[in-house]
Structures are given as C-alpha cells and as structure tokens.
Amino acid sequence: MPSRSYTDLLHLTATPPPLARLPRVMTFPGILADAYLDEPPPFSAGPLSPCPMKERRIIVTNHLPLRSARDPISGQWSFSWDLDALAFQLRSGLPGGSSSSSSDVIHVGTLRAEIDQADQDEVAQILSHKFHCVPVFLPPDIHQKFYHGFCKHYLWPLLHYLLPFSPALQGGLRFDRHLWLAYLSANKLFADRVMQVVSPDDDFVWANDYHLLALPTFLRKRCPRIKLGFFLHSSFPSSEIFGTIPVREELLRAILNTDLLGFHTFDYARHFLSCCSRLLGLHYESKRGYIGLEYYGRTVTVKILPVGVDMGQLEAAISSPESQSKVRELMISFKDRILLLGVDDMDIFKGISLKFLAMEQLLEDNPRLRGRVVLVQIANPARSQGKDIQEVQEETNSLARRINEKYGSFGYNPIILLDGGPLPTFEKVAYYAVAECCVVNPVRDGMNLVPYEYTICRQWSPALENLPKKSVIVVSEFIGCSPSLSGAIRVNPWNVEAVSEAMNLAITMPESEKQLRHDKHYKYVSSHDVAYWARSFDQDLQRACKDHFTKRCWGIGFGLSFRVVALGPSFRKLSVEHLVSAYRKTSSRLILLDYDGTMMPQSSTDKTPSKKVIDILNDLCSDEKNVVFVVSGRGKDSLSRWFESCAKLGISAEHGYYTRWCQNSPWESCNVASDFEWKRIAEPVMRHYAEATDGSYIEHKETALVWHHQEADPDFGSCQAKELLDHLENVLANEPVVVKRGQHILEVTPQGISKGIVVKNLISTMQSRGKPPDFVLCIGDDRSDEDMFETILGSPTTEPSVPAISDVFACTVGKKPSKAKYYLDDTVDVISLLEGIAAASAQPARRSLLQVSFEGSL
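Residues numbered from 1 in each chain as written. Predicted model: local features only at pLDDT ≥ 70, side-chain atom pairs only at ≥ 80, totals over all residues. Heavy atoms only, no water.

J.: Sorry if this is basic, but what is going on with the overall build of the protein chain here?
T.: Along the protein chain, the regular secondary structure elements total 26 helices and 32 strands. Going through the 858 residues of the protein chain one by one, you find that 57% of them count as buried. Separation of charge centres in the protein chain, based on 92 positive and 101 negative side chains, amounts to 3 Å. (Helix = DSSP H or I, 4+ residues; strand = E, 2+ residues; numbered from the N terminus. Buried < 20%, exposed > 50% of the residue type's maximum accessible area, 1.4 Å probe, protein only. Lys, Arg positive; Asp, Glu negative; His and termini not counted. Charge placed at Lys NZ, Arg CZ, Asp CG, Glu CD.)

J.: Whenever I open this one, the packing of helix α7 (residues 248-255) against helix α8 (residues 266-280) confuses me. Can you help?
T.: Relative placement of two packed helices is described by the angle separating their axes and the distance separating the axes. Where α7 meets α8, the closest approach of the two axes is 11 Å, and the angle between their N-to-C directions is 120°. Here α7 lies oblique to α8, going by the angle between them. When the axes of α7 and α8 are compared, the crossing they make is left-handed. Side by side, α7 and α8 meet where R248, E249, L252, R253 and I255 of the first sit next to F272, C275, C276, L279 and L280 of the second. Of the residues that constitute the contact of α7 with α8, the class distribution is seven nonpolar, no polar and three charged. (Axes fitted to C-alpha atoms, helices over the stretch in contact; angles between N-to-C directions. Parallel < 35°, antiparallel > 145°, perpendicular 65-115°, else oblique. Left-handed = near helix turned anticlockwise from the far one by under 90°. Contact = heavy atoms within 4.5 Å. Nonpolar A, V, L, I, M, F, W, Y, C, P; charged D, E, K, R; others polar.)

J.: Would you take a moment to explain the sheet that holds strand β22 (residues 626-631) for this structure?
T.: Sheets are built from strands that pair by backbone hydrogen bonding, the pairs being arranged parallel or antiparallel. Here we have nine strands laid out as an open sheet, ordered β20-β32-β31-β30-β21-β22-β23-β24-β25, and mixed in their pairing. Edge positions in the sheet fall to β20 (572-573) and β25 (668-669), since each has one partner strand and no second. Pairing of strand β23 (residues 650-653) with strand β24 (residues 658-660), which is carried by three bridges, proceeds in the antiparallel orientation. Residue pairing in the sheet places S652 in a bridge with T659 of β24. In the packing of helix α23 (residues 755-768) onto the sheet, contacts are made with β21 (589-593), β22, β23 and β24, and the angle to β21 comes to roughly 160°. In the packing of helix α24 (residues 783-793) onto the sheet, the strands contacted are β22, β30 (775-780) and β31 (807-813), and the crossing angle to β31 comes to about 160°. (Pairing = 2+ DSSP bridges.)

J.: Is there a simple way to explain the nonpolar core in this structure?
T.: Nonpolar side chains tend toward joint burial in soluble globular proteins. The biggest cluster of nonpolar side chains holds 165 residues, and the ones touching the most others in it are V60, Y183, F236 and F272. Counting residues per element, this core draws most heavily on helix α4 (residues 177-197), which supplies 11 residues. Other than its neighbours up to four places away in sequence, F236 contacts Y161, F242, L252, I255, F263, Y268, H271, F272 and C275. In this structure, I591, I651, A653 and V830 belong to the second largest nonpolar core, which totals 45 residues. (Core = buried A, V, L, I, M, F, W, Y, C linked by side-chain atoms within 4.5 Å.)

J.: Sorry, what's going on with the environment of Y658 here?
T.: By secondary structure assignment, the location of Y658 is in strand β24. Only 2.9 Å separates the side chain of Y658 from the side chain of E702, close enough to count as a polar contact. (Polar contact = N/O pair within 3.5 Å; in protein donor to acceptor, adjacent residues only side chain to side chain.)

J.: Would you explain the sheet that holds strand β10 (residues 290-295) in this entry?
T.: Read from one edge of the open sheet, nine strands run β5-β4-β1-β6-β7-β8-β11-β10-β9, paired in mixed fashion. A strand with exactly one partner marks an edge of an open sheet, and here the two such strands are β5 (133-135) and β9 (284-287). Averaged over all neighbouring strand pairs, the angle between strand axes comes to 25°, with direction disregarded. As paired elements, strand β6 (residues 204-208) and strand β7 (residues 227-231) share five bridges and run parallel to each other. Paired with V205 across the bridge in β7 is L228.

J.: What exactly am I supposed to notice about the side chain of D774 here?
T.: Considering the arrangement of structural elements, one finds D774 in the loop between α23 and β30. Despite its burial, D774 pairs with no opposite charge, the nearest such side chain being R589 at 6.1 Å. If near-sequence neighbours (up to four positions away) are discounted, D774 is found in contact with T586, S587, S588, R589, I805, S806 and D807. (Salt bridge = Lys/Arg side-chain N within 4 Å of Asp/Glu carboxyl O.)

J.: For this particular structure, what's the right way to read the packing of aromatic side chains?
T.: Two aromatic rings are characterised by how far apart their centres lie and by the angle between their planes. With the rule as written, the count across this model stands at 32 aromatic pairs. Relative to W678, the ring of F676 lies with its centre 6.4 Å away and its plane at 65°, an arrangement referred to as edge-to-face. Across the ring face of F676, the terminal group of K679 is positioned such that the distance to the ring centre comes to 5.6 Å. (Phe/Tyr/Trp six-rings, centres within 6.5 Å; stacked < 30°, edge-to-face > 60°. Lys NZ or Arg CZ within 6 Å of the ring centre and 35° of its normal.)

J.: What is the right way to look at unusual backbone geometry in this model?
T.: With glycine set apart, most residues show a phi of negative sign, and most peptide bonds adopt trans. In the Ramachandran plot, H132 falls in the positive-phi region, its phi being about 55° despite a non-glycine side chain. Along the chain, H132 turns up in the loop between α2 (120-131) and β5. We classify H132 as buried; its relative accessible area is 17%. Positive phi values are uncommon outside glycine, yet D209 reaches one of about 75°. Its place among the elements puts D209 in the loop between β6 and α5 (215-222).

J.: I would appreciate a short explanation of the packing of helix α21 (residues 678-692) against helix α22 (residues 714-731) in the present structure.
T.: Direction vectors running N to C along α21 and α22 enclose 160°, while the axes themselves pass 11 Å from each other. Accordingly, the angle class assigned to the pair α21 and α22 is roughly antiparallel. Relative to α22, α21 is oriented so that their crossing is right-handed. For the pair α21 and α22, contact is made by I681, A682, V685, M686, Y689 and A692 and by F716, Q720, E723, L724, H727, L728 and V731, respectively. Residue classes in the contact of α21 with α22 are distributed as 10 nonpolar, two polar and one charged.

J.: Would you mind going over the pairing of β10 with me for this structure?
T.: Moving residue by residue along a regular strand, the side chains alternate between the two faces of the sheet. Where β9 lies against β10, four bridges are found, and the strand directions are antiparallel. By the bridge assignment for β10, S286 is matched with I291. Here β9 folds back onto β10, and the loop between the two strands holds two residues, one of which, R288, carries a positive phi near 50°. Here five bridges tie β10 to strand β11 (residues 298-304), and the two strands are oriented antiparallel to one another. When the sheet's bridge partners are listed, L293 is paired in β11 with V300.

J.: Could you clarify how one ought to interpret the confidence of the model for the protein chain in this entry?
T.: Keep in mind that low pLDDT regions are not for reading the predicted coordinates in detail. Across the protein chain, the average pLDDT comes to 87, with 90% of residues at 70 or higher. This model gives residues 1-52 a pLDDT under 50, and the stretch forms 115 contacts once residues within four places in sequence are excluded. For residues 843-858, every residue scores under 50 in pLDDT, and the model assigns this stretch 18 contacts once sequence neighbours within four places are set aside. (pLDDT = per-residue confidence, 0-100.)

J.: Which parts of the structure should I look at to understand the pairing of β22?
T.: Within β22, five of the six residues are buried, which leaves the element mostly enclosed by the surrounding structure. Where the polypeptide runs from β21 across helix α19 (residues 611-622) and back to β22, its parallel neighbour, the crossover connection is right-handed. Both β22 and β23 contribute to a ladder of three bridges, which runs parallel. Following the sheet pairing, V631 is matched in β23 by S652. (Right-handed = clockwise from strand over helix to strand, strands pointing away.)

J.: Is there a simple way to think about the pattern of salt bridges in this case?
T.: Oppositely charged side chains can form a pair if their charged atoms are brought close together. Taken as a whole and judged by the stated rule, the model has 46 salt bridges. For K350, the salt bridge identified is with D347, shortest N-O distance 3.0 Å. For the residue pair K350 and D347, the accessibility class agrees, reading buried in each case. One salt bridge in this structure joins K514 and E436, with 3.8 Å as the shortest N-O distance.

J.: Teacher, can you tell me more about helix α10 (residues 321-333) here?
T.: Since the α-helix packs 3.6 residues into each turn, any two residues three or four apart lie on the same face. The terminal C-alpha atoms of α10 lie 18 Å apart, and with 13 residues this matches the ideal 18 Å at 1.5 Å per residue to within 8%. Of the positions making up α10, those classed as buried are S323, K326, V327 and L330. All buried residues of α10 lie within an arc of 105° about the axis, which places them on one face of the element. α10 presents P321, R328 and I332 as exposed residues on the side facing more than 90 degrees away from its buried surface. Tucked into the core, α10 has its buried residues touching α9 (311-319) and α13 (425-434). (Expected span 1.5 Å × (residues − 1). Arc of directions from axis to C-beta.)

J.: Even after reading the chapter, I still don't get the environment of D388, so can you show me in this structure?
T.: Mapped onto the elements, D388 comes out in helix α12 (residues 387-407). Counting along the chain gives 41 residues from D388 to D347, while the straight-line C-alpha distance between them is 7.6 Å.

J.: Mind showing me how you'd approach the environment of E497 here?
T.: Relative to the elements of secondary structure, E497 occurs in helix α15 (residues 496-508). Overall, E497 belongs to the partly exposed group, its relative accessible area being 43%. The spacing of E497 and I831 is 334 residues in sequence and 68 Å in space, taken between C-alpha atoms.

J.: Whenever I open this one, α22 confuses me. Can you help?
T.: Spanning 18 residues, α22 covers 26 Å between terminal C-alpha atoms, matching the ideal 26 Å at 1.5 Å per step. Contacts made by the buried residues of α22 are with α21, β27 (705-708), β28 (737-742) and β29 (745-750). For α22, the side-chain oxygen to backbone nitrogen distance between the N-cap and D715 is 3.1 Å, and the N-cap itself is D713.

So this is what it looks like as structure tokens:
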C-alpha cells in the first residue's frame, strides 16, 4: 500500500498527486556510508512484512524484552520473554497486546547477548516468527561507543545533573564527536529496522528513552506522516544543564519530530519546555488539559504520567511457593528485629552510601535500636562499566564493614549488603513482603518503581495474612515517583540527619498511621498500573495523530535540523508568477504591507528601510492603478521620517489610529476617544515591571504604551507579562482601552483600534471615490496582521467584512498556522515578491532593467 506521505508540497494539488515516497534511508556524511540507499543495510536480516490493513503498535526500545541463552554443546540459541522488562509489561495496555503471540504488537531493539554475524539471519527469523520481534544488530565497535560511551558515560550522567568538569570525574566523559557519531549511527540502524516493518499510514510507533533521542528525526525524514510517540524514562535536567550539550539544538529538534512526548513528572516536562523556549524560541499552550508545542504547523503534545507496575506479575510472584517459603525463612531470621529495606542499582546516583551514613546516624542517636534494627540493602548489578562503578562498590562495601564493626555484635549486623549478583524475583519480593519500611533515597532518578513494588508486595504479604495491611516509605524528593506517593516521608538524601530522623519516624510511627499511609499508596498504585499507563499513552498518541491526513506535509532542513512543516490543504507559498498574472489583469489595486518582520527583519538593529525597499515602494506607488499602504504598529513620526522619500506612499501608524494617504495629505485619526488620561494610570505600573524585569523597557506612542520584554529572560519575561496583563486589566477596567499581548510585547491601546478596521476603512474610502479595489495584496507576520487577513477573507464562522473582491492575496511571513491563504518564508522572499510586481508596474523605460534585477535575484 503506498504511503500518503509526500516529499513535495507542490504535488498536493486538487488533482490526484503522484504517489512519491520519501527515500527509505537517510545518511549522515561521515557516519555511515551511502552504499545502502537502494537496499537494506547488511544488518537487515529477515524483515517482517508490513500489514497495511491493521493498526499495529511498534515498540522501540534499546533492548528487546527477551532473555537469551545459547546451548554450549549445539551452539543453538533459545529465547524467552523477559517478564520483568517494561517493554513486555506495557503490552497489557495495548490493543491485542495481552497475548504474547499477537502480531498486533511488534518490538524493535537489540539483544543483550552478542550474536555472531553468521547467526544473525537465523536468529532474526526465529524472533520474527515466534515473538514478533525485530532485532537490531549493532556492530561491536558502534555498540561500545553508542551504549557504554555516549549513552552511559556522557548523556546519562548529564541527564542526572552531573556535568563532566573533568574526564576523570566519577568516570564520566566530556563530549566526544566520535561517540556522538556512533550514537547517530546506532539510531539510524534502529530507524532502518523500524522502516522495514512499519506501515506508516496505519501503524503507531512508540520509541522509548534517552538511547533513541535522535530516532524521531530519522523516521520523520523518511515518512513525514509517521505516527510517532516517544517516552523519556530518564529525568530531564534544567535548561542550564541541558544547555551545556554541544548538540543541544539537534537533540531538541529530534525530540520535537514526535507527535506525543511523555515524561514521568511535570518537573521533567517543565525543564524540557524551558529548553525549547530558551534555545529554540518556542512557546507552549495548555488546552483542555493537554500541553501543546506548535512546531512548524504541527502540534507536539506533551504528556505527563508516571509509569506503573505490573500488578498481575507481582501478585503471582508473591503468591508463588518459592516466595512463600522464602518469606517464612526471613520471618524466622529477622524475628524480633525491625527490617528496613533498600533496593537499588549499583551506580553513582542511587545514594546507597548516603543511606548507610543515615543508618549509622540512626544507631548513634538511638542506642535503644542497636541490635534491633537491620538495613538489608539489595544491590542490583550495575548497568554500565567504568571507574565510577568500581568506586561506588568500594565505598559501599567499606562503609558497610565500618558500620558493622562499630555497632555489630555476635549474630547481629546492622547492615546486610546483598551484592553477589542479581537476586531472583521470588527472593526480592519476599524481602519486600517482610520489611517494615522501604528506604529509597537516590540523589537523582528518573522514576524508580521500588516503592510501588514494595506497596503491592506488602498488600499481598503472607507475613500480614489476616492482619491489617501496613507499610512506610522513606523516599527521596529527587526521584520521579515521589510526587505520586503522598503518604511517603519525603527527604533530601543529601541531608544525612534528616534521612536518619525519617527512618526513626518510620520505625516509631503508630500502627494506625502506617495503615492509613499504606492504604493511600495501594489505592494509587493499584489503579495506575503499567497497563493503565500504556493504555493512556496509546490513546493520547491516537488523539495526537488524528489530523495527520488533513494537512499537507513536507520536510525542510538538513541533518538533525530536519523538520516537517504541516499546514492546511489550502495554504501554499505565494509565487511571483501567480501573483503577477492576477496583478496585470486588474485596474484598482490595494497593497497592504506590515513593516517589522515583513519588510524589515525582526533581528535587525537599525530599523531604517534600505534604499532597495524605498525604490520598490516608489515603483509600486508610481502606478496609478495602485494604492500602497504601510500598516504598522510603530509611531507616525518614525514612519514619516523613514519613508519621507516615498511621496505617494500611504501610512497607517499605531495600528491604524493615525492614517494618511500620501505625504502631502494630513494625518487622520480614528473616531475614538482621544482622552489619554489612562496613561497616567498605566505608565507607573509598566515602569514598575520594567524596573523589576532586566532587559525590558517601555515604548511611548502617542496613542499607546508598549512594554517590550524580548531581551529579558524568556521564562521570567513571559511570567512578568502575564502578571502585568492581569495588573493592567484590573486597574484599567473602567477605561476605554484594550490590553493585549503580542510577540514579546504587551500593549495598551484605545478600544476600536486594529489593523482590521484600517483595511475596512481603506476599502470603504476607495469605493466612495469610485475606485473599488479588484485586487488586494496583504502581507504581515504577527498576530496584529491576522486582523487584516480576517477582514478581507472572513473566518470559518464569519463572512469577510468587505465587499467581494475578485483577487485577494492574504500572505503571512513564515510557515506557521495563519488565517492567510499564502505564506512567504522570510523578509527576503517578501522583497523579492514586491520586486517582481514592481517590475510589472514599471514604466516601459525602466521595466527591462527591473526585470533583469528581479530575475537575477531569483
């Protein structure tokens, strides 16, 4: 089935378009060779056939949710589902995913075992037929640099707020472009495998975690309308930390190539949105409970929902005979003792040593607890390699030995460290079931499901059979699960004394309070399990993709700067040829031009128009069939000075409060109240905010006051603008003014003033003079110009405010949602377009020269 994704917007006309697909493979010079543009890469090994008749879910993770083993004698590989893997557990919330043999859910990822190249085809076939899994085989050198290099020793520490000040610091690495290129190579290989199985018009792709941050760009470039969700399971740092990444913008733009982006907490989402604001100038809006980022006509939805646990698996594990037996054994071993439990990976962020120091402080401050309280620390094997892991292991063992020597006695060790390897599931849940308190105090962690697992196991604990259920959790405030555990004792893990006091509080807490806290946690955890999380994400992904085929899409940009522009079916670029054709056939033309952002770049410091702009405007004004107006929010004095050499140019200043038809005509003001006493109220308020907001200033116009915050801190400036808006609306409630926000401005203007009213008045005057316009060209770039577009075009619910005109060209500057029907890319395009129609208007003596100049600019 051909995809409905096209490479060229111009192909999408009223006639049936050619079925042109994007190239299947995108290459980055210097990363991978271009030799595989027309064929699968050498690691392709057995693709699954896309199924266009059914919506499937393609789950992309770094590792497939499989366990693998190789027979030492026959050399044959065997595989089974990894029931502990989140990628397997989330199937329960997806359509058709409950059955492990269902083809409705396909997994793409690497295997934890290294497969010989000679066996890769056979293994791929086995995984495809038995598990509907698609393996990604990374060459060993790329895997080493990708996973153990860029992911684990650069990106992962940085996402957890650890900056690589020194190459030796905690085993971390500074940014290395070779590792970055390996990261891109690996993400490209993931994209190759996804594209071999996806039916872009039907399937939903769900990518996961920081290993695959670049994947959305590779997929989006090959298929602009792919239905793509991404969930980041790690924390997302503040903009000050993320901004240190040399490829920060590339990563942000890659993430923005998704349709739905998921985070565990609002803090993580807030940091991401702040990065988009500060680094890319993007702003978000919240509509009906959903946060959306407008990105080149596409809305990237941001979802906030912490992942849950697999209730069925945990209940089955705690009910198993092995677990029951282990629980009885532990109850005997820890009889008359208070058991505290910690379950953490052995890495630098889990705070195990801080937990041991808190345990030491607890025993120091409370002699009565010596010999009674025991901290069992289950240390899961580290997920990465390096000096940092060795140092953590050495420090952990050293502290445990020292504390046990200091406070231990015959038959009693206050700290029991279980770090001999991965603990079987039945044994781990048995410890959960018998522990009085669970201490989870990482200094930074994306989510951490240990408190959830502990709560479920305590609910089904044989140790509490026929007894009220109770549990206490001491949890770090710096991990993702903390906000959802309203009954936990939250601590700052760096404050050893506070953690010690929290542990003591958990031990001495009344039984009734332990029960209340447990009930509150169990109610939340049981109703927000992994199936609920996956189902919610899937439903929101469908909602985010519902309008994919109502817009026209095409790609722009190179490399990781690639993005898709998605705009309405009637929205297209205004061509000079099309405009000039209509221009020459008409005899009474009205040309309306905004100034800042339209003829003058917003970033320009000197706002004086160039000689080229003046010449073009004079050429347009010299045609008796034309009425040319600059319609701007700027003051009339500035506009008069800048355009003093354009004698026939009309100017409408301050959004239309002042208007003159030519240089020799007087300024006319609108028929609105001319009492500006309200300025005496508004100006002191604005001055207060200007003084309090570094980088902001006040612009005084004859009829308006404008507070600019473009040079202020983006977040603080936006926050202050909201506060100022509320403040001014309150103090000016009884004044005949309107307070409105624009792009980096907040403006107070008299009521009844807008660019839309200007257009309506100009057309009415032309009609009264016996020259009703049969051609209108209106070009602008910001919100105030949308009023002009609506006046001449109407809206979906209203008719145009002016009589029917045969040729109307409403054009916005920049590819963005607009009421206009046309767009131009930037001010350069605007000048080129005006130069083209000026050539059509020029006197015969100059026309050939102008045409040469115009054609040269093309």
